[in-house]
Structures are given as structure tokens and as C-alpha cells.
Amino acid sequence: MASSAAQTISAEQVARALAQGDVVVHYQPCYDLRTGEMVAVEALARLRNRDTGELIPPSVFLDVLEESGLIVHLDEMVLAAAADQVARWRELPAGRRLCLAVNLSPADLDDPLLPTRFRDATESAGLPLDAVIVELTETLLSRTGQGHEQVLADLSALGCNVTLDDFGTGNASFDYLRRFDVQGVKIDRSFVQFLGGGGPHERMSESLVRFCLSLGVHVVAEGIERPRHITALRRLGCPFGQGFLMSRPLDAEAVETLLRDEVVPPALAYAADPVVL
Ligand code: C2E
Ligand code: MG
Ligand code: MG
Ligand code: MG
């Protein structure tokens, strides 16, 4: 089985990994940028190579899974495992309000029973549906067919938070905002990286953040890698953020340690503006 991003993986290898349950869920924390509180975790799938123990990232297996239709099974496994995990973390004092974000692919939306499956999976895990964020990329929405709008509306009606992922990267971001009733947007890393850097790129990124905030939806900045990104996002009033600067995606054990120790990432420990006495 392939193990580095440069390699490829066959449909048979992926199918075998799924059948053997070699799916590992990592979780990337999302923080309240004002307080440093962990408010959500995004479930990110990896496949384990049985022979080497190495974890294979989505960039290697996602296309294969989408082409074969097996992505539906992966996403089902990820939801079941992650809902169970997050329901348990919510019993910790620092996890009481923790939400779970999951990524969906086009094939997931082909199933009109997806909302029912979501309800069943979260109910059996004991996770309320209003603690679930469903992330959709524009590539996904550009391929949406008939019935997809209904599936999304049903998910919203159940209380799930439907969010546009990688916002700003596609050429139809604004069209999707009009067509779908979304409750959140995640501003793509390609915009966040310019914040605090000066120049026309920064102005464009700032405008995008302000625009998203003006929609009255939940706004998350993703791909925060530098302290200047935090300073700029706080100044603009962007409430939530995710990125390597605060935390990379972690295994469940490492997230649990962060929650038990109530760790505030050093990057968020101090207010952006010094208190003037
Ligand atoms: P995404 O949903 O936009 O997830 C964010 C990706 O960016 C993750 O990569 C994460 O590790 C990475 N990232 C987070 N913070 C930073 C940062 O500060 N800098 C940089 N350079 N990267 C950062 P990952 O885990 O490789 O996932 C890639 C994509 O694969 C995801 O993008 C998502 O679209 C898809 N994906 C992952 N897990 C699943 C899954 O279970 N089901 C489906 N359908 N798609 C998934
Ligand atoms: Mg995502
Ligand atoms: Mg994204
Ligand atoms: Mg992405």
C-alpha cells in the first residue's frame, strides 16, 4: 500500500483497507480566537498501512475512493467513530460545548437517506445534532445533482450546521451562498496566508473576511500558520480559527490530553492588543 503523498493507491488496496477497518480518524481543533477555547474538532480521515503502520493522507486516497463510490463507506465510518469520540469528550469540563465537523463528498449527497443516517449515527453515539458541522467544498457543490438541495435542507432542519469549506477558492463561492442555506463558511488558507502581510493581497483577504462576517453566519479562518494572522483576524473580529499554529490534526489521545489539561494554545494565550494601564 502506498504511504507517501507522491505515491498512488489502487481501488483494491483502498477497498481492502476499508474492509479491514484500517481507518484512523485524526482531529484538528478549532478555537475561539478571543478566548483560546477549543470549540470544535474537524474529523480528518487517514488509512493505516498494515505492513508499515504508516498513515496515508487523503491526498493519496480521496480521488480513488470518490471514483469507486467507496467514499460513502469511509464517511460513514468516520462519522460513527468521531460522533462516539466527541460525545465522550463533551463529558469533560473543557469539552462541554465541543462540536464535531465532518467533511462530505458528492456521493454522500446522492443518498436521500443521508440525513436519517446522520440522525441515527449521532443518536446512538449520544451526540446532539446541533453539535454537528457538515463541511461541503465548492467542488462538491459544483457537482451537486437533483435532490442535493433537499438533502442539505434536511440536514439543516435536523439542526446540523451546514458550512462551505475552502471558501473563496472556487469560481462560484457567491453563487453557492445564494443557492444553499448555509450556516457557516470556512475561509480558505490561500486567503488567510496574506493577513498581516500588507499590500493588495492582504486588502483582498480582509475584504473577504469582512464580507463573510457580514453574512451573519459562523466564520472560521483555516490554515492559520503565523501570529500575524491571529492579530489580523482578531482586529477584523473573526471569531473562530484553525491552523498549524494552534494545532495540527492530532490522534484522539492527544486531543483528549489537550482537553483534560485545558490547554490554551500559546498563540492564543495573550490578547492581540496589550492592555493599556
Ligand atoms: P479540508 O476539509 O479543507 O481540511 C483541512 C486540510 O488542511 C487538512 O488536510 C489539514 O491537515 C490541513 N491544514 C489544517 N491546518 C493547516 C495549516 O495551518 N496549514 C496547512 N498547510 N494545512 C493545514 P488533510 O487532513 O490532508 O485533508 C485534506 C482534505 O481531504 C480535507 O480538506 C477534506 O476536504 C478531505 N477529507 C479529509 N478527511 C475526509 C473525510 O473523512 N471525508 C471526506 N469526504 N473528505 C475528507
Ligand atoms: Mg474541512
Ligand atoms: Mg478547508
Ligand atoms: Mg480542502
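Since we're looking at a predicted model, the values are computed, not measured. (Residues numbered from 1 in each chain as written. Chains lettered and ligands numbered in written order. Predicted model: local features only at pLDDT ≥ 70, side-chain atom pairs only at ≥ 80, totals over all residues. Heavy atoms only, no water.)

A. Layout of helix α5 (residues 114–125). Given a rise of 1.5 Å per residue, twelve residues ought to cover 16 Å, and the 16 Å separating the end C-alpha atoms of α5 matches this to within 8%. Considering only its buried residues, α5 is in contact with α3 (71–89), β4 (99–103), α4 (106–110), β5 (132–136) and α7 (148–158). Gly126 sits one or two residues past α5 and shows a positive phi near 80°. (Helix = DSSP H or I, 4+ residues; strand = E, 2+ residues; numbered from the N terminus. Expected span 1.5 Å × (residues − 1). Contact = heavy atoms within 4.5 Å.)

B. Structural view of the pattern of salt bridges. Under the definition given, this model contains 13 salt bridges. For Asp120, the salt bridge identified is with Arg119, shortest N-O distance 3.6 Å. Classification of Asp120 by relative accessible area gives partly exposed; the value is 39%. Judged by its relative accessible area of 34%, Arg119 is partly exposed. Put simply, Glu206 and Arg235 hold a salt bridge, and the shortest N to O gap is 3.2 Å. You can see Glu206 sitting in helix α10 (residues 199–214) and its partner Arg235 sitting in helix α11 (residues 227–236), a full 29 residues away along the chain. Residues participating in the shared-partner salt-bridge network are Glu42, Glu135 and Lys186. (Salt bridge = Lys/Arg side-chain N within 4 Å of Asp/Glu carboxyl O. Buried < 20%, exposed > 50% of the residue type's maximum accessible area, 1.4 Å probe, protein only.)

C. Local environment of the packing of α10 against α11. The N-to-C vectors of α10 and α11 enclose an angle of 45°; their axes lie 10 Å apart at closest approach. As far as their axial angle goes, α11 and α10 are oblique. In the crossing of α10 with α11, the sense of the turn from one axis to the other is right-handed. Judged by residue contacts, Glu202, Glu206, Val209, Arg210 and Leu213 of α10 engage Leu233, Arg235 and Leu236 from α11. Considered class by class, the residues forming the contact of α10 with α11 number four nonpolar, no polar and four charged. (Axes fitted to C-alpha atoms, helices over the stretch in contact; angles between N-to-C directions. Parallel < 35°, antiparallel > 145°, perpendicular 65-115°, else oblique. Left-handed = near helix turned anticlockwise from the far one by under 90°. Nonpolar A, V, L, I, M, F, W, Y, C, P; charged D, E, K, R; others polar.)

D. Here's a closer look at the site of ligand 1. Every one of the 24 residues lining ligand 1 counts as a neighbour, but Asp75, Asn103, Asp165, Glu225 and Phe244 are closest to it. Taking Arg189, its side chain carries an N or O atom lying 3.1 Å from a nitrogen atom of ligand 1. At 2.8 Å from an oxygen atom of ligand 1 is found a main-chain nitrogen or oxygen belonging to Phe244. Protein coverage of the free-state accessible area of ligand 1, which is 800 Å², stands at 83%. (Near = heavy atom within 4 Å. Polar contact = N/O pair within 3.5 Å; in protein donor to acceptor, adjacent residues only side chain to side chain. Areas by Shrake-Rupley, 256 points an atom, 1.4 Å probe, with all protein chains shown as cover.)

E. Focus on the coordination of the magnesium ion (ligand 2). With distances of 1.9 to 2.2 Å, the protein atoms coordinating the magnesium ion (ligand 2) are Glu42 (OE), Asn103 (OD1), Glu135 (OE) and Asp165 (OD). Taken in chain order, the donor set of the magnesium ion (ligand 2) reads E-x60-N-x31-E-x29-D. Taken as a pair, the magnesium ion (ligand 2) and the magnesium ion (ligand 3) show a spacing of 4.2 Å, with Asp165 coordinating each metal. Taken together, the residues span a long stretch of sequence, with Asn103 in strand β4 and Glu135 in strand β5 at a distance of 32 residues. The exposure class of Asn103 is partly exposed, given its relative accessible area of 24%. Residue classification places Glu135 among the buried positions, given a relative accessible area of 3%. (Donors = N, O, S within 2.8 Å, 3.2 Å for Na, K, Ca; no water.)

F. The arrangement of the pairing of strand β6 (residues 161–167) in detail. In terms of residue burial, β6 counts as a mostly covered element, since six of its seven residues are buried. The pairing of β5 with β6 spans four bridges and is classified as parallel. Following the sheet pairing, Leu136 is matched in β6 by Leu164. You can see the chain leave β6, run along helix α8 (residues 173–179) and come back into strand β7 (residues 184–187), and the turn it takes is right-handed. (Pairing = 2+ DSSP bridges. Right-handed = clockwise from strand over helix to strand, strands pointing away.)

G. Expanded view of the nonpolar core. The biggest cluster of nonpolar side chains holds 88 residues, and the ones touching the most others in it are Leu47, Phe61, Leu74, Trp89, Leu100, Phe118 and Leu155. In terms of residue count, the dominant contributor to this core is α3 (ten residues). Apart from residues no more than four positions distant in its own chain, Trp89 is found in contact with Tyr27, Val41, Gly95, Leu98, Ala252, Val255, Glu256 and Leu259. (Core = buried A, V, L, I, M, F, W, Y, C linked by side-chain atoms within 4.5 Å.)

H. Inspection of the packing of aromatic side chains at higher detail. Summed over the entire model, instances satisfying the criterion amount to four aromatic pairs. Seen from their ring centres, Tyr27 and Trp89 are 5.1 Å apart, and the 75° between their planes marks the pair as edge-to-face. Note that Tyr27 is positioned in strand β1 (residues 23–32) and Trp89 in helix α3, a separation of 62 residues in sequence. The same class applies to Tyr27 as to Trp89, namely buried. What links up through ring pairs into an aromatic cluster is the set Phe167, Phe174 and Phe211. The ring of Phe240 has Arg34 lying over it, and the distance from NZ or CZ to the ring centre is 6.0 Å. Note that Arg248 overlies the ring of Phe244, its terminal NZ or CZ placed 3.9 Å from the centroid. (Phe/Tyr/Trp six-rings, centres within 6.5 Å; stacked < 30°, edge-to-face > 60°. Lys NZ or Arg CZ within 6 Å of the ring centre and 35° of its normal.)

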